[in-house]
Amino acid sequence: DTGVSQNPRHKITKRGQNVTFRCDPISEHNRLYWYRQTLGQGPEFLTYFQNEAQLEKSRLLSDRFSAERPKGSFSTLEIQRTEQGDSAMYLCASSFDREGHETQYFGPGTRLLVL
Amino acid sequence: SQQGEEDPQALSIQEGENATMNCSYKTSINNLQWYRQNSGRGLVHLILIRSNEREKHSGRLRVTLDTSKKSSSLLITASRAADTASYFCATITSGTYKYIFGTGTRLKVLA
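Every value quoted in this text rests on a predicted model; they were computed, and no experiment measured them.

(A) Inspection of the sheet that holds strand E6 (residues 55-58) of chain B at higher detail. All names here are of chain B. The antiparallel open sheet is built from 5 strands, whose spatial order is E1-E3-E8-E7-E6. Where the open sheet ends on each side, the last strands, each with one partner, are strand E1 (5-7) and E6. With strand direction ignored, the average angle separating the axes of adjacent strands in the sheet is 15°. Across 3 bridges, E1 lies against strand E3 (residues 19-24) in antiparallel orientation. From the neighbouring strand, Glu 6 faces E3, where its bridge partner is Cys 23.

(B) Focus on the pattern of salt bridges. Residues and elements named next belong to chain A. All chains considered together, the criterion is met by 7 salt bridges over all chains. For Glu 102, the salt bridge identified is with Arg 31, shortest N-O distance 3.0 Å. Of this pair, Glu 102 sits in the loop between strand E9 (88-95) and strand E10 (105-106) while Arg 31 sits in strand E4 (residues 31-37); the two residues are 71 residues apart in sequence, bridging distant segments of the chain. Look at Glu 102 and you get buried, because its relative accessible area is 3%. Shared partners join several salt bridges into a network, and the residues in it are Arg 64, Glu 83 and Asp 86.

(C) Molecular detail of the nonpolar core. Residues B:Met21, B:Leu32, B:Trp34, B:Leu74, B:Ile76, B:Tyr87 and B:Leu107 are the most contacted members of the largest nonpolar core, which totals 21 residues. Setting aside anything within four residues of it in sequence, one finds B:Leu74 in contact with B:Ala19, B:Thr20, B:Met21, B:Trp34, B:Leu46, B:Leu61, B:Arg62, B:Val63 and B:Tyr87. A:Val19, A:Phe65, A:Leu77 and A:Cys92 belong to the second largest nonpolar core, which has 19 residues in total.

(D) Examining the sheet that holds strand E1 (residues 5-7) of chain A more closely. Residue and element names in this part refer to chain A. The strand order across the open sheet built from 4 strands is E1-E3-E8-E7, with neighbouring strands paired in antiparallel fashion. Pairing within the sheet leaves two strands with one partner each, and these edge strands are E1 and strand E7 (65-68). Sheet twist, expressed as the mean angle between neighbouring strand axes with direction ignored, is 15°. Bridge count between strand E3 (residues 19-24) and strand E8 (residues 75-79): 5 bridges; the pairing is antiparallel. Pairing of Arg 22 across the sheet is with Thr 76, part of E8.

(E) Broad picture of the packing of aromatic side chains. One pass over the full model with this rule turns up 11 aromatic pairs over all chains. Ring geometry for A:Phe21 against A:Tyr90: centres 5.4 Å apart, planes inclined by 45°, an arrangement best described as tilted. Of this pair, A:Phe21 sits in strand E3 while A:Tyr90 sits in strand E9; the two residues are 69 residues apart in sequence, bridging distant segments of the chain. Taken as a pair, A:Phe21 and A:Tyr90 share a single burial class, namely buried. With 6.0 Å between their ring centres and 80° between their planes, A:Phe106 and B:Phe101 make a pair best called edge-to-face. Highlighted residues: A:Phe106 in strand E10 and B:Phe101 in strand E10 (residues 99-101), drawn from two different chains. Accessibility assignment for this pair places A:Phe106 and B:Phe101 in one class, buried. The rings of A:Tyr33, A:Tyr35, A:Phe45, A:Tyr48, A:Phe106, B:Tyr35, B:Tyr97, B:Tyr99 and B:Phe101 are connected pair by pair, giving a single aromatic cluster.

(F) Broad picture of the side chain of B:Asp83. All names here are of chain B. Following the sequence through the fold, Asp 83 ends up in the loop between strand E8 (71-76) and strand E9 (85-93). By relative accessible area, Asp 83 is classed as buried at 7%. In this structure the side chain of Asp 83 is engaged in a polar contact, spanning 2.8 Å, whose partner is the backbone nitrogen of Arg 80. When residues no more than four places from it in sequence are discounted, the contact partners of Asp 83 are Arg 60, Ile 76, Leu 107 and Val 109.

(G) Seen up close, the pairing of strand E5 (residues 43-50) of chain B. Residue and element names in this part refer to chain B. Sheet topology places strand E4 (residues 29-37) next to E5; 7 bridges connect them, and they run antiparallel. Paired with Asn 31 across the bridge in E5 is Arg 50. Where E4 folds back on E5, the antiparallel hairpin that results is connected by 5 residues, among which Gly 40 adopts a positive phi of roughly 70°.

(H) Broad picture of the interface of chain B and chain A. Of the residues lining the interface, 22 residues belong to chain B; the matching set on chain A comes to 24 residues. In total, about 1900 Å² of surface goes out of reach between chain B and chain A, with carbon and sulfur atoms giving 53% of it. By the criterion of area lost to chain A, the three top residues of chain B are B:Leu43, B:Tyr97 and B:Tyr99, representing 33% of everything that side buries. Counting across the chain B and chain A interface gives 0 salt bridges. Along the contact surface separating chain B from chain A lie 5 residue pairs in polar contact (both at pLDDT 80 or more). Of all the elements in the fold, those that place two or more residues in the side of chain B that touches chain A are E4, E5 and E10 of chain B. Residue contributions to the side of chain B that touches chain A peak at 5 residues, all from E4(B).

Conventions we followed
Residues numbered from 1 in each chain as written. Chains lettered and ligands numbered in written order. Predicted model: local features only at pLDDT ≥ 70, side-chain atom pairs only at ≥ 80, totals over all residues. Heavy atoms only, no water. Pairing = 2+ DSSP bridges. Helix = DSSP H or I, 4+ residues; strand = E, 2+ residues; numbered from the N terminus. Axes fitted to C-alpha atoms, helices over the stretch in contact; angles between N-to-C directions. Salt bridge = Lys/Arg side-chain N within 4 Å of Asp/Glu carboxyl O. Buried < 20%, exposed > 50% of the residue type's maximum accessible area, 1.4 Å probe, protein only. Core = buried A, V, L, I, M, F, W, Y, C linked by side-chain atoms within 4.5 Å. Contact = heavy atoms within 4.5 Å. Phe/Tyr/Trp six-rings, centres within 6.5 Å; stacked < 30°, edge-to-face > 60°. Polar contact = N/O pair within 3.5 Å; in protein donor to acceptor, adjacent residues only side chain to side chain. Buried area = accessible area lost by both parts, 1.4 Å probe.

Treat this as a map of the structure, not an account of what it does.
Spelled out as structure tokens, the structure:
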């Protein structure tokens, strides 16, 4: 399967713990996005990578969140000192720019529950 | 805050009927996209319409874009039970990489 994959699919953690999620994009895609989605809402943009460079980050993202994309391939999203409000679905998407227009391919998401 | 706003928030129709959902946005855009999300899963891209296009078709989908009103509509014709899902519009403000998704329309197609 050559789609976007995310691991783990589910994560339960206790408040104050750190968690890390991984996203493997479609191999030829140079663009990678992270989103957060809560129940009944649309995805909320967190950050964007073009190859290995993090070019945009939401101002809503606190310093507890960090993302990396070493070598421009897979990406990781880390949340430090988790809070109950971090409970959400974390979605990753990848794409390839076509003259300024792109289609994002989403992974299945990682569902985080902070107790 | 979300730039895109869809309406209605929820829509329930009988199989075979048409479903129309609308999206409004606030800033200048390069394109507008519609996505579908089945319960608890990732999003699937449906259709992209560029800012210089007014209407686009793909199978049973018809999308319109009115940049003067900053609005778009998605029409699903001859709906099927498998169309039951949440539908989101997404826009990206010119000069940024930040996609903004609306709050979605939850469509239920009754068999």
